[in-house]
Amino acid sequence: MKKLLTVLSVCLACSGALKAQPAGGFGGFQMPKIDVHCSEKFADIDYAGDDQVYHKMDIYLPRMQKDIYPVVVHIYGSAWYSNNSKGMADLGTIVNALLDAGYAVVTPNHRSSADAKFPAQIHDIKGVIRFVRAHAAEYRLDPSFVATSGFSSGGHLSSLAATSGGVAELEGAVGGNLGFSSRVDAACDWSGPVDLNYMSCGAAQDTWNHAPEEAVMGFSFKGNEERFRALNATTYIDPADPPVVIFHGTEDNVVPNCQGSHFYELLDKAGIRTELYLVEGGGHGMNMYSERNLRYMTNFLDKVRFEHGGTFVTGTNPVITNQFSADPSAHVFNGRLYLYPSHDIPTVNYQRETTPWFCMSDYHVYSTDDLTHWTDHGNIVDQKDVPWGNPTANSMWAPDCVEKDGKYYFYFPNAPGSGRGFGFGIGVAVSDSPSGPFTIYENTVKGTGGIDPCAFKDDDGTVYLIWSGMGLRGGKLAANMTEIDGEGVRLDEAFPKGQTEGPFMFKRNGKYYLTYPWVREQGGTECLAYGMSDNPLGPYEFKGVFMDESPTKCWTNHHSFVEFKGQWYLFYHHNDFSPTFDKNRSVRVDKVSFNEDGTIVPVIPTWRGVGYFRASDELNIDRYSEISGATVDYVDPYNLFAGWKTIFANPGDKVRFNEVDFGRKAPKKVRVRVNTRTGAVLKISTPGGNRDMLVTLAPSDGWAVAEARFKAKVKGMQDVTVELVSGAAEVDWISFPLK
Ligand code: FUB
């Protein structure tokens, strides 16, 4: 790392010198005065308790509102020479990208090679991580997710923190907190030297000038090669290590990019989830921080966090609220409803290199018993594991799942082989359970080609696979479930012209339905249409449109029908959490009914959705059944997943929220999460109550939960109407606690 030292001293002396550096120049620092995208900054926290500048750190909280935030500790690069660069490094690039994605960012100083020799530097970082966990509540940090990131020597420390979990010699006792873990949950390595014994990229003769690492180790490299291994992140790799994402520039002339590839290969060999981005033309920091690369980083961290799913409650639309989701295919298996959507992520894909495009790298499966309490079973199939697929194409479009003889077959499209391409193959994975784990078959499903597979099982057990590929096509699946028995046939020949995709098939009262997204007008967006037939493979007679185009021009809609506990439902999607980019979509569900002749009664999308609510639940009345005067907006412009609020600006503004179960005991209180500068009076009415209730809300300083007595005797299932009588208020939710 000799070159780093030289270039660093130039760039600290004069910022203009940065521009004069060749492509491989040093670009990790920016001059101060960066607009850091935080809502709060805690500066100069003394994590070691010794009041030394090298043991201070800053914490930045994101602009989005949350009770607690996942954490990334971002470590500056300095060839281990600096002990006070926390306020300068990577703030406008890596740090802002992390903050924008909802991560709290901790930027620590650490001891330099002049202050102390290795392992003091990693002792400091581990002290920081333990401090974060020990003081999590104080700073609103989520101790269950603490990742590291770093540039250059910071990349080394970040990587070392990841691989050396549980290595006693590297733990130290900086700051104490020894009862807290210093393990990290994921790591990002930006241009880091991770194997100082490999700086000449495995050449028989090591010609590297090791000055900075000699300074941090306190002895010369030559003759002490074995002792230097203690410094390497690669030395400590073991299968228990957390996922690591690696970025390295192909033109990096300070730390050779073989460091990135070498690290990737060793992690991959040890079975650790890892991704490597060799950035074409990237130097040592220069040209590395494109929006796309920063998204690769935050997408990777998000993916690690959500890998194992979790549970959430939501009975309104959109119904999947823990991440983006699209193309929902719903099925009832063993009495429980399972949902197989595709999983949109913030895009790094571009169509013809200009238009941001679909970006999907894995599938999650969800399930529920009541369409209100949902379990996300986590990642079931990932692009990196598809034997025939491109591991980085982010093209895992609409999937489906079917049960056959006690096994569950999951069909999914993906880009084959290498290259981005817009060609798709259809793959299949099998499991003993609807929620996985799934084993992916070696090859694509023979006899298919295209996107949007839908697997339909007829009453006699025959399974048909239909898909979109130059029209809507389908065929009988062979007994092995991995090939079409005979030739696939065209199903939509009699349908009106216009682009089609996303076919779904179901059967009701002996009739087969082929439903599909259809662009009925040139230049338009997708509506949902269908045909009916007496046979699964047609001919189908066109029956019309059952859902109109998106009023806000979300280009796609993709759907499925399912009968659950005696009611038919339509699952579909819309870009509710991403109003300005329609390739980040969210699943919705509404009830659907049929006319006597079997035709579908057109479905009008609702916000209220289909979930079951007790009066004591938080009722998001912004997901209204009817609205008059009042308006709705996002609660937090920086975090749309935080949902919506109702804005009551003028007396008479009102919303109705249908079907709230007050049970057999009338509530005694009403609670309102409200933001009102002026104070307000709300009238709450329920048709079954013995009176309307006026609730007076005192002026609040921002969002607050107000509570008032509730004297109306309300029981049973009620529609709740909230109306503004005086003042003005924004309401997030209301609830009627029993106690
Ligand atoms: O989600 C990607 C593609 O968009 C699907 O495969 C199509 O059906 C459309 O929804």
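Quantities reported herein were computed from a predicted structural model and do not represent experimental measurements.

A. How the structure looks around the pattern of salt bridges. Under the defined criterion, the tally for this structure stands at 38 salt bridges. A salt bridge links Arg-140 to Glu-40, with the nearest nitrogen and oxygen atoms 3.6 Å apart. With Arg-140 in the loop between α5 (136-139) and β5 (141-151) and Glu-40 in strand β1 (residues 38-46), this pair connects stretches of sequence that are 100 residues apart. Residues joined by salt bridges that share partners form a network here, namely Lys-41, Asp-44, Asp-58 and Lys-86.

B. Representation of the side chain of Asn-109 within the structure. Note that Asn-109 resides in the loop between β4 (104-108) and α4 (120-134). Polar contacts involving the side chain of Asn-109 include one to the main-chain amide nitrogen of Ser-85, which spans 3.1 Å. When neighbours within four sequence positions are excluded, Asn-109 is seen to be in contact with Tyr-47, Val-53, Tyr-54, Lys-56, Tyr-76, Asn-83, Asn-84, Ser-85 and Lys-86.

C. Local environment of the state of the cysteines. For the structure on display, the rule yields 1 disulfide. Disulfide partner of Cys-201: Cys-258, at an S-S distance of 2.1 Å. Taking the sign of the S-S torsion, about -80 degrees here, the bridge from Cys-201 to Cys-258 comes out left-handed. With Cys-201 in the loop between β6 (187-190) and α7 (211-217) and Cys-258 in helix α9 (residues 258-269), the pair connects residues that are 57 residues apart, well separated along the chain. Classification of Cys-201 by relative accessible area gives partly exposed; the value is 36%.

D. A look at the domain arrangement of the protein chain. Split by domain assignment, the protein chain resolves into domain 1 (18-303), domain 2 (307-592) and domain 3 (614-735). The C-alpha-based centres of domain 1 and domain 2 are spaced at 40 Å. Counting residues at the interface gives 6 residues for domain 1 and 13 residues for domain 2. Carbon and sulfur atoms supply 41% of the area that domain 1 and domain 2 bury against each other, a total of about 970 Å² over both sides. Counting the surface domain 1 buries against domain 2, the share from its top three residues, Arg-273, Arg-292 and Lys-303, is 58%. Linking domain 1 with domain 2 are 4 salt bridges. A salt bridge links Glu-307 to Arg-273; its shortest N-O distance comes to 3.1 Å. For the pair domain 1 and domain 2, the number of links is 8 residue pairs in polar contact (both at pLDDT 80 or more). In terms of residue class, the side of domain 1 that touches domain 2 is built from 1 nonpolar, 1 polar and 4 charged.

E. Spotlight on the layout of surface pockets. Here the second largest pocket is characterised by a volume of approximately 650 Å³. Lining of the second largest pocket is provided by 33 residues; of these, Pro-551, His-574, Asp-576, Arg-588 and Trp-607 occupy positions nearest its centre. At the level of secondary structure, the elements contributing two or more residues to the lining of the second largest pocket comprise β27 (541-547), β29 (567-574) and β33 (631-634). A domain split of the lining of the second largest pocket shows at least three residues from each of domain 2 (307-592) and domain 3 (614-735).

F. Spatial organisation of the packing of aromatic side chains. The full count for this structure, using the stated rule, is 45 aromatic pairs. Seen in terms of ring centroids, Tyr-103 and Phe-145 are 6.2 Å apart; in terms of plane orientation they differ by 50 degrees. Their pairing is tilted. Within this pair, whereas Tyr-103 is found in the loop between α3 (91-100) and β4, its partner Phe-145 is found in strand β5, the two being separated by 42 residues in sequence. One exposure class covers both Tyr-103 and Phe-145, and it is buried.

G. Focus on the pairing of β5. Most of β5 is tucked away, with 9 of its 11 residues classed as buried. Both strand β3 (residues 69-75) and β5 contribute to a ladder of 6 bridges, which runs parallel. Across the sheet, Val-73 pairs through a bridge with Thr-148, a residue of β5. Viewed along the sheet, the connection from β5 through helix α6 (residues 153-163) into β6 turns out right-handed.

H. Spotlight on the site of the ligand. If you check the shell around the ligand, you find Asp-327, Phe-358, Met-360, Trp-397, Ala-398, Asp-452, Glu-501, Thr-556, His-558, His-573 and Arg-585 and nothing else. Asp-327 is positioned such that a nitrogen or oxygen atom in its side chain is 2.4 Å from an oxygen atom of the ligand. Relative to its free-state accessible area of 280 Å², the ligand is covered by the protein chains to the extent of 100%.

I. Local environment of the sheet that holds β27. Ordered by their spatial adjacency, 4 strands build an open sheet running β24-β25-β26-β27, and the pairing between neighbours is antiparallel. Because the sheet does not close on itself, it has two edges, and the strands there are β24 (504-508) and β27. Adjacent strand axes in the sheet meet at a mean angle of 30 degrees when their direction is disregarded.

J. The sheet that holds β4, seen in detail. Across the sheet, which stays open at both edges, the 8 strands sit in the order β1-β2-β4-β3-β5-β6-β7-β8 with mixed pairing between neighbours. Every other strand in the sheet has two partners, leaving β1 and β8 (274-279) as the edge strands with one partner each. The sheet shows a mean angle of 15 degrees between the axes of neighbouring strands, taken without regard to direction. Where β1 and strand β2 (residues 56-62) come together, 6 bridges link them in antiparallel fashion. In the strand pairing of β2, Ile-45 is matched with Met-57.

K. Focus on unusual backbone geometry. Pro-119 follows Phe-118 through a cis peptide bond whose omega is 15 degrees. Here Pro-119 is to be found in the loop between β4 and α4. Located in the positive-phi region is Asp-405, a residue other than glycine, with phi close to 50 degrees. In this fold, Asp-405 is placed in the loop between β16 (400-404) and β17 (407-414). Owing to a relative accessible area of 66%, Asp-405 belongs among the exposed residues under this scheme.

Rules and cut-offs
Residues numbered from 1 in each chain as written. Predicted model: local features only at pLDDT ≥ 70, side-chain atom pairs only at ≥ 80, totals over all residues. Heavy atoms only, no water. Salt bridge = Lys/Arg side-chain N within 4 Å of Asp/Glu carboxyl O. Helix = DSSP H or I, 4+ residues; strand = E, 2+ residues; numbered from the N terminus. Polar contact = N/O pair within 3.5 Å; in protein donor to acceptor, adjacent residues only side chain to side chain. Contact = heavy atoms within 4.5 Å. Disulfide = S-S within 2.5 Å. Buried < 20%, exposed > 50% of the residue type's maximum accessible area, 1.4 Å probe, protein only. Domains from an automatic or database assignment. Buried area = accessible area lost by both parts, 1.4 Å probe. Nonpolar A, V, L, I, M, F, W, Y, C, P; charged D, E, K, R; others polar. 1 Å grid on protein atoms, 1.4 Å probe; cavity = no way out; pocket = protein on both sides within 12 Å on 5 of 7 lines; lining within 4 Å. Points joined across faces, edges and corners; volume = space filled by probe spheres on them. Phe/Tyr/Trp six-rings, centres within 6.5 Å; stacked < 30°, edge-to-face > 60°. Pairing = 2+ DSSP bridges. Right-handed = clockwise from strand over helix to strand, strands pointing away. Near = heavy atom within 4 Å. Areas by Shrake-Rupley, 256 points an atom, 1.4 Å probe, with all protein chains shown as cover. Axes fitted to C-alpha atoms, helices over the stretch in contact; angles between N-to-C directions.

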